[in-house]
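Fold and geometry: a report
Chain residues, written in single-letter form:
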Amino acid sequence: MFLTNRKKASAFIIAILLFLTLSFPAYAGSYTVVKNDSLYLISQTFNTSVATIKNTNNLTSDIIYPGQKLKVPATDYTVKSGDTLYLIAKRAGISLWSLRKANNKWDDMIYVGQKLIIPEVNGGNTSSTNSSTQTGYTGNAVIPYSSYELDLLARLITAEAVSEPYLAQVAVGAVVVNRVKDPRFPNTITSVIYQKDSKFYQFTPVENGWINKPATDTARKAALEALNGHDPTKGAIYYFDDSATNKWLWSRPIALRSGKMVYTY
């Protein structure tokens, strides 16, 4: 009788361990926090939630610091001959931006034997509303976007026009939307905002890092309004502030002026 109970107990323990192994994501990756990081941005990069990252790393607050190591749902990858960041991201089923962000790798130089971490496609976040891969159509959205891209657009608006009138903030969002719809530009919000032309980013906040600062509630509202089709510029694809001295920018037809912002076709 005693031996039978021991066997049952052992079987029960094994079942519990198996359940725990299958039910929770393996946090095998180690991510190094960089300047202007936030737990929200990291959670979006690794397709998980802020609460999960905090629980896994025994964090009692949202405060993190550059150089800090965090356990994240990711797998280790060793670069092989013929690899490129684009190909690695494509095979893994993630965006190139996510791969770059996970490794703080913003140039294209990689070498055989280099170690990278690859975010899990599903990092264990069971809430579909928090998933960066969720496609959102809220209201009368004119282009598809993910929850991550809504936040990204709001952060761009914050960085570019936080002190400008609300109309100017909506117009910044509209310019990005117009570029996504224009065949001359990339076809997603993320690729438009991170686009390079002649080795230079199209948007200054990406170059100087301000894109990583948290979005304001007003900017998020403006982003949603632009995504839902409100375009006070009626089709503009460029914007700049009125202190700019670039003659080419000023030579383009002006669509709107709001605050210190100028929007052109």
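If you're wondering where the values come from, they're calculated on a predicted model, not measured in any experiment. (Residues numbered from 1 in each chain as written. Predicted model: local features only at pLDDT ≥ 70, side-chain atom pairs only at ≥ 80, totals over all residues. Heavy atoms only, no water.)

When helices and strands are counted, the chain shows 11 helices and 9 strands. Counting the 265 residues in the chain, one finds 44% classified as buried. In the chain, 64% of the contacts between residues at least 6 apart in sequence involve partners at least 24 apart. Here the chain displays about 14700 Å² of accessible surface, and carbon together with sulfur accounts for 57% of that area. (Helix = DSSP H or I, 4+ residues; strand = E, 2+ residues; numbered from the N terminus. Buried < 20%, exposed > 50% of the residue type's maximum accessible area, 1.4 Å probe, protein only. Contact = heavy atoms within 4.5 Å. Areas by Shrake-Rupley, 256 points an atom, 1.4 Å probe, with all protein chains shown as cover.)

Now for the side chain of Glu149. Tracing the chain through its elements places Glu149 in helix H6 (residues 147–161). Of the polar contacts made by the side chain of Glu149, one reaches the side chain of Thr190; its length is 3.0 Å. The contact partners of Glu149, leaving out residues within four places of it in the chain, are Pro144, Thr188, Ile189 and Thr190. (Polar contact = N/O pair within 3.5 Å; in protein donor to acceptor, adjacent residues only side chain to side chain.)

Pairing is possible between side chains of opposite charge, provided their charged atoms come close. With the rule as written, the count across this model stands at 8 salt bridges. Two residues, Lys105 and Asp107, come together in a salt bridge whose shortest N-O distance is 2.8 Å. By relative accessible area, Lys105 is classed as buried at 14%. (Salt bridge = Lys/Arg side-chain N within 4 Å of Asp/Glu carboxyl O.)

Further remarks concern the sheet that holds strand S8 (residues 254–258). In space, the 3 strands of this open sheet follow the order S7-S9-S8, with antiparallel pairing throughout. Across the chains shown, the open sheet's two edge strands, defined by having one partner strand only, are strand S7 (238–241) and S8. Strand-to-strand, the axes of this sheet are offset by a mean angle of 20 degrees, without reference to chain direction. Two elements, S8 and strand S9 (residues 261–264), share 4 bridges in a ladder whose sense is antiparallel. Its bridge partner being in S9, Ser258 is matched across the sheet by Met261. Across the sheet, helix H7 (residues 166–181) lies against S7, S8 and S9, angled at about 30 degrees from S9, the strand it touches most. (Pairing = 2+ DSSP bridges. Axes fitted to C-alpha atoms, helices over the stretch in contact; angles between N-to-C directions.)

Detail in the predicted coordinates should be disregarded across regions flagged by low pLDDT. A residue-level look at the chain finds 82% of positions with pLDDT of 70 or above and a mean pLDDT of 84. Mean pLDDT across the elements of the chain bottoms out in helix H1 (residues 2–23) (50) and peaks in S9 (98). Scored below 50 in pLDDT, residues 16–25 shows 2 contacts in the model against residues more than four places distant or in partner chains. Here residues 124–139 is modelled with pLDDT under 50, and outside its nearest four sequence neighbours on either side it reaches 33 contacts, counting other chains as well. (pLDDT = per-residue confidence, 0-100.)

Examined against the element boundaries, Gln202 turns out to sit in the loop between strand S6 (200–201) and helix H9 (204–208). Given a relative accessible area of 27%, Gln202 falls into the partly exposed group. Considered as a pair, Gln202 and Tyr238 are 36 residues apart in the sequence and their alpha carbons are 9.7 Å apart. If we ignore the near neighbours within four places in the chain, the residues touching Gln202 are Arg179, Phe185, Gln195 and Asp197. A polar contact of 2.8 Å, which involves the side chain of Gln202, links it to the side chain of Arg179.

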